[in-house]
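Close look at the chain arrangement
Take a look at the letters that make up each chain.
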Amino acid sequence: MILVIMGPPGAGKGTQASRLAAELGIPQVSTGELLREARRDGSEVGQRAAINMDAGTLVPDEVVMTLIERRLEQQDCGSGAILDGFPRTVAQAVQLDDMLERSGRQVDRVVSISVTEDEIVERILGRLTCGQCGAVYHRTTKPTAREGHCDLCGGLVSSRSDDNEEAVRIRLQTYSNLTAPVLDYYGGAGRLASVDGSGGLDEVFNRVQGAL
Ligand SMILES: [Zn+2]
């Protein structure tokens, strides 16, 4: 079973994808992770990815596609995988379909986690990260026991510098402009399930499972 999880930044997509992977016993395939690995392994495709990553430009589709194809050929993806962070454009979605078709597979289900823009802004702006160990907190929903200090290591927690409201709204707008057509593409083929991403992690996870 090949699943695709989609959702705007701050919707908790990565967390839900990893829980689902554990639940279904299939790997979570994150393109960000694949790119970082490719860069480390020094392969030709990895070097091509590195050039774009260093320049801050988009890694070409065929590079990402090659990495995903190779990943899905590995043994642990034999019963399927959960794609996280891909596809992000209709062109990528079409290429993904073509690639899977060649190996007799298909995208079985696309789960889109939707959260209102205001709620995402609230979530992201309230987010606090430990500068020392990377633990994540939230001003209102998951505060640290001692203000300004990490519960785990005592390091200083702060919000990300680019997390101001305007920047967050621009990121969300960019995401939705790019992915709305992808949702239409999958919706037209009857593969799309939209899940309400508001509320707690467990609540959302139940809805995700219900959508499969
Ligand atoms: Zn810490």
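First things first, this report covers the structure right here in the doc. Computed from a predicted model, the values in this text were never measured in an experiment. Counting restarts for each chain: residues are numbered from 1 in the order of the written sequence. With the structure being a predicted model, the display of local features is reserved for residues of pLDDT at least 70 and the display and counting of side-chain atom pairs for 80 or more, all residues being used for whole-chain, interface and lining totals. The basis for every side-chain value is the complete set of non-hydrogen atoms in the structure, without hydrogens or water.

Two elements, strand β1 (residues 2-6) and strand β4 (residues 107-114), share five bridges in a ladder whose sense is parallel. What sits directly across from Ile2, in β4, is Val107. Taken together, the five bridges between β4 and strand β8 (residues 192-196) define a ladder with parallel strand orientation. Bridge pairing in β8 places Ile113 opposite Val195. Two strands make a pair as long as DSSP finds a minimum of two bridges between them. Secondary structure elements follow DSSP: runs of H or I no shorter than four residues count as helices, runs of E no shorter than two count as strands, and numbering proceeds from the N terminus.

To continue, consider the sheet that holds β4. Remark on secondary structure: sheet strands pair via backbone hydrogen bonds, oriented parallel or antiparallel. One open sheet holds the five strands; their spatial order is β2-β3-β1-β4-β8, and the pairing between them is parallel. The open sheet terminates on both sides in strands that have one partner only, identified here as β2 (28-30) and β8. Shown here is a sheet whose adjacent strand axes are inclined to one another by a mean of 25 degrees, direction ignored. Across the sheet, helix α7 (residues 165-188) is in contact with β1, β4 and β8; its angle to β1 comes to roughly 145 degrees. Interaxial angles span 0 to 180 degrees and are taken between N-to-C directions of axes, which are lines fitted to C-alpha atoms, for helices over the stretch in contact. In what follows, residue pairs with any heavy atoms lying within 4.5 Å of each other are defined as contacts.

Bringing the packing of aromatic side chains into the picture now. Any two of the Phe, Tyr and Trp rings considered here, Trp counted by its six-membered ring, make a pair once their centres fall within 6.5 Å; the pair's planes then place it as stacked at under 30 degrees, edge-to-face at over 60, or tilted in between. Scanning all chains against the criterion turns up one aromatic pair. Their ring planes at 70 degrees and their centres at 5.3 Å tell us that Tyr185 and Tyr186 sit as a pair that is edge-to-face. For Tyr185, a relative accessible area of 26% gives the class partly exposed. Burial classes follow relative accessibility: with a 1.4 Å probe on protein chains only, a residue under 20% of its type's maximum area counts as buried, one over 50% as exposed, and anything between as partly exposed. The exposure class of Tyr186 is buried, given its relative accessible area of 0%. A ring is scored as having a charge over it whenever the NZ atom of a lysine or the CZ atom of an arginine sits within 6 Å of its centre and within 35 degrees of its normal. Over the face of the ring belonging to Phe205 we find Arg19, whose NZ or CZ atom lies 4.7 Å from the ring centre. Its end group placed over the ring of Tyr137, Lys142 keeps NZ or CZ at 5.5 Å from the ring centre.

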